[in-house]
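Structural characterization, general
Here is what each chain is made of, one letter per residue.
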Amino acid sequence: MPRVYKPGKVAIVLQGRQAGKKVVVIKQLDEGTKERPYPHAIVAGIERYPLKVTKRMGAKKVAKRSKVKPFIKVINYSHLFPTRYALELEGLKGVVSSETFSEPSQREDSKKQIKKLLEDRYTGGKNKWFFQPLRF
């Protein structure tokens, strides 16, 4: 069976609290682990998307509306829907690992790093589709 969820692949969450949100796969575990004996992926996604910005807005308002709230999660493959898009994520690979989820402080630190990387990518104008909420 071909590997669909490679690192960098953009997917949509189908179930749970983050249903309908876009995520990027950081690490895939096709065989599962001892704690989670099913195929799953470690993903980083956008919980709160940036708001619309116009020319009339000042720099302060643009900065406030360009903020992104990220989340990191371990999600079962059956709860993900792959898309044709991919994100280059050189910075994300070392940020999140399976040990990150054991300690809340590690989780917060990795979320802050992901937030910075995603906001830089958004302000740079790259991957516009990823930063727009799914309309359905």
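Criteria and thresholds
Residues numbered from 1 in each chain as written. Predicted model: local features only at pLDDT ≥ 70, side-chain atom pairs only at ≥ 80, totals over all residues. Heavy atoms only, no water. Phe/Tyr/Trp six-rings, centres within 6.5 Å; stacked < 30°, edge-to-face > 60°. Helix = DSSP H or I, 4+ residues; strand = E, 2+ residues; numbered from the N terminus. Buried < 20%, exposed > 50% of the residue type's maximum accessible area, 1.4 Å probe, protein only. Core = buried A, V, L, I, M, F, W, Y, C linked by side-chain atoms within 4.5 Å. Contact = heavy atoms within 4.5 Å.

What follows covers the packing of aromatic side chains. If you walk through the whole model with that rule in mind, you get four aromatic pairs. Relative to Tyr-77, the ring of Tyr-5 lies with its centre 4.7 Å away and its plane at 35°, an arrangement referred to as tilted. Placement of the pair is Tyr-5 in the segment before strand S1 (9–13) and Tyr-77 in the loop between strand S4 (69–76) and strand S5 (80–86), with a sequence separation of 72 residues. Using a relative accessible area of 8% as the deciding quantity, one classes Tyr-5 as buried. Residue Tyr-77 is classed as buried on the basis of its relative accessible area, which comes to 14%. Centre to centre, the rings of Tyr-85 and Trp-129 are 4.1 Å apart; their planes meet at 20°, and the pair counts as stacked. In this pair, Tyr-85 sits in strand S5 while Trp-129 sits in the segment after helix H2 (104–123), placing the two residues 44 residues apart along the sequence. Here Tyr-85 falls in the partly exposed class, since its relative accessible area comes to 30%. Pairwise contacts between aromatic rings join Tyr-122, Phe-130 and Phe-131 into one cluster.

You will see that Asn-127, though not glycine, has its phi angle at about 50°, which is positive. By secondary structure assignment, the location of Asn-127 is in the segment after H2. Given the relative accessible area of 23%, Asn-127 is considered partly exposed.

With that settled, consider the nonpolar core. Val-24, Ala-44, Ile-46, Val-96, Ile-114, Leu-118 and Phe-130 are the most contacted members of the largest nonpolar core, which has 19 residues in total. Looking at this core, the elements that each hand over two or more residues are strand S2 (22–29), strand S3 (40–48), S4 and H2. When residues of this core are assigned to their parent elements, the largest contribution, three residues, is made by S3. Core analysis: the next-biggest nonpolar cluster, separate from the first, contains 11 residues, Ala-11, Val-25, Ile-75 and Tyr-77 among them.

Attention shifts here to the environment of Ser-110. Looking at the secondary structure, you find Ser-110 in helix H2. Taking relative accessible area as the criterion, Ser-110 reaches 2% and is therefore assigned buried. It is 19 Å that separates the C-alpha atoms of Ser-110 and Lys-9, two residues lying 101 residues apart in sequence. Each residue touching Ser-110, except ones within four places of it in the same chain, is listed here: Ile-72, Val-95, Val-96 and Thr-100.

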